[in-house]
Amino acid sequence: MDTYLTTVVSNEQIADKIFRIELQGDIVKEMNTPGQFVNIKVSNSYEFLLRRPISICEINKEKNTFVMVYRADGAGTKKISQLKKGEEVDVLGPLGKGYDVYTLKEGQTALLVGGGIGVPPLYELAKQFKNEGIKTIHILGFNNEKDVFYEDKFSELGTTYVATADGTYGEKGFVTDVIKKYDIAYDKYFSCGPFAMLKALTTMDEEKIGYISLEERMACGVGACYACVCEKQDGSISRVCYDGPVYESTEIAL
Ligand code: FES
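Parameters at a glance
Residues numbered from 1 in each chain as written. Predicted model: local features only at pLDDT ≥ 70, side-chain atom pairs only at ≥ 80, totals over all residues. Heavy atoms only, no water. UniProt positions renumbered as here; feature names shortened; annotations may be inferred. 1 Å grid on protein atoms, 1.4 Å probe; cavity = no way out; pocket = protein on both sides within 12 Å on 5 of 7 lines; lining within 4 Å. Points joined across faces, edges and corners; volume = space filled by probe spheres on them. Helix = DSSP H or I, 4+ residues; strand = E, 2+ residues; numbered from the N terminus. Nonpolar A, V, L, I, M, F, W, Y, C, P; charged D, E, K, R; others polar. Contact = heavy atoms within 4.5 Å. Pairing = 2+ DSSP bridges. Axes fitted to C-alpha atoms, helices over the stretch in contact; angles between N-to-C directions.

Looking at an unreviewed UniProt entry, the protein carries the name Dihydroorotate dehydrogenase B (NAD(+)), electron transfer subunit, with the source organism given as Gemella sanguinis. What the UniProt record of the protein gives under Subunit (unreviewed entry) is the line "Heterotetramer of 2 PyrK and 2 PyrD type B subunits." The Function (unreviewed entry) field of the UniProt record for the protein holds the comment "Responsible for channeling the electrons from the oxidation of dihydroorotate from the FMN redox center in the PyrD type B subunit to the ultimate electron acceptor NAD(+)."

In this model, the largest pocket occupies a volume close to 850 Å³. Pro-53, Ile-54, Ile-117, Glu-215 and Glu-216 are, among the 27 residues lining the largest pocket, the residues nearest its centre. For the lining of the largest pocket, the secondary structure elements donating two or more residues are strand 4 (52-55), strand 6 (65-71) and helix 1 (75-81). Among the elements that make up the lining of the largest pocket, the one with the highest residue count is strand 4 (four residues). Taken together, the residues of the lining of the largest pocket break down into 13 nonpolar, seven polar and seven charged. In this structure, the second largest pocket spans a volume of roughly 500 Å³. Gly-116, Gly-141, Phe-142, Asn-143 and Pro-194 are, among the 24 residues lining the second largest pocket, the residues nearest its centre. Elements that contribute at least two residues to the lining of the second largest pocket include exactly strand 9 (135-142), helix 4 (175-182) and helix 5 (195-204). Counting residues per element, the lining of the second largest pocket draws most heavily on helix 5, which supplies three residues. Residues that form the lining of the second largest pocket fall into these classes: 12 nonpolar, seven polar and five charged.

Below, the discussion takes up the UniProt feature "binding site: [2Fe-2S] cluster" (unreviewed entry) in the protein. Per the UniProt record, "binding site: [2Fe-2S] cluster" (unreviewed entry) is annotated on Cys-220, Cys-225, Cys-228 and Cys-241. Annotated residues spanning 22 residues; largest pairwise C-alpha distance 10.1 Å, indicating a single compact cluster. Tracing the chain through its elements places Cys-220 in the loop between strand 13 (210-213) and strand 14 (229-231). With residues up to four places along the chain from it excluded, the contact list for Cys-220 reads Asn-39, Leu-92 and Cys-225. Looking at where Cys-225 falls in the secondary structure, it is placed in the loop between strand 13 and strand 14. If we skip the residues at most four places from it in the chain, Cys-225 touches Ala-219 and Cys-220.

Here we take up the side chain of Asn-39. Examined against the element boundaries, Asn-39 turns out to sit in strand 3 (residues 37-41). Setting aside residues no more than four positions away along its own chain, Asn-39 makes contact with Arg-51, Arg-52, Pro-53, Asp-90, Val-91, Leu-92, Leu-95, Ala-219, Cys-220 and Gly-221.

The next point concerns the sheet that holds strand 10 (residues 160-164). The seven strands are arranged 11-10-9-8-12-13-16 in an open sheet whose pairing can be described as mixed. A strand with exactly one partner marks an edge of an open sheet, and here the two such strands are strand 11 (171-172) and strand 16 (246-248). The sheet strands contacting helix 2 (residues 120-131) are strand 8 (109-115), strand 9 and strand 12 (188-192), and the helix crosses strand 8 at an angle near 165°. Contacting strand 8, strand 9, strand 10 and strand 11, helix 4 crosses the sheet at an angle of about 135° to strand 9.

Turning our attention to the sheet that holds strand 5 (residues 58-60). An order of 4-3-7-1-2-6-5 is seen for the seven strands of this open sheet, with the pairing classed as antiparallel. One side of each edge strand has no neighbouring strand; the edge strands of this open sheet are strand 4 and strand 5. Strand after strand, the sheet turns through a mean of 35° between neighbouring axes, direction not considered. Taken strand by strand, helix 2 contacts strand 4, strand 5 and strand 6, and its axis lies near 50° from that of strand 5.

Laid out in structure tokens, this is it:
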């Protein structure tokens with residue numbers, strides 16, 4: 001993977017502390033797989049030496065742009081949220097192994113389950129499934145009404161449920177409560193979100209085949225520093241940035 005200079009097309013707030021940035025540049029030519037991420041150089045100052053990993057939310061080959069939806073809650077991501085249209089951003093990527101769209105066939109159904117800032121990479125996945133004639137059902141989980149984003153965009157692609165932990169919007173409870181309540185039928189699930197959500201999902205029906213994307217703290221993003229390791233079921237360790245972030249649900253010791 002390489003570094004690319006990209007240009008900010010837009011950068012706007014879409015929910016509480018949640019921003020959507022669109023960048024244009026030739027890195028888009030290398031982007032094909034949903035679920036991958038990029039590592040952003042925040043600035044040249046010593047304070048921001050480490051790049052910030054952010055998942056890819058949308059890829060637009062015609063416009064040569066890609067979108068990231070990110071939470072601005074640390075110094076680095078707050079700085080990214082201040083970037084203005086026309087400014088240049090140094091981006092490393094695309095990184096990691098994403099979701100395999102071809103694990104399902106035309107006519108089958110994918111259940112996409114996202115929690116919080118794990119929702120964005122599922123949007124490009126939903127778009128690519130639609131292109132392949134695969135039906136998608138989406139469950140988006142948030143803590144509170146003010147955290148909700150992209151409901152309309154997912155709804156354009158398939159049935160979409162929103163759950164909030166405190167019940168201030170949509171279904172009250174967790175994503176697994178929605179699956180049980182509506183007895184949702186699907187062939188395989190594809191998920192990204194906090195550890196507790198992934199664990200609840202994978203243990204709900206262990207017969208079901210699914211894919212999960214882990215949100216580990218990262219540093220280099222290219223497999224060199226081992227800051228992001230997780231344990232696999234067989235006891236070996238795996239670098240989330242390089243071997244993941246997407247794994248089969250049975251691969252990882254959650
Ligand atoms: Fe360095 Fe994964 S972040 S090995």
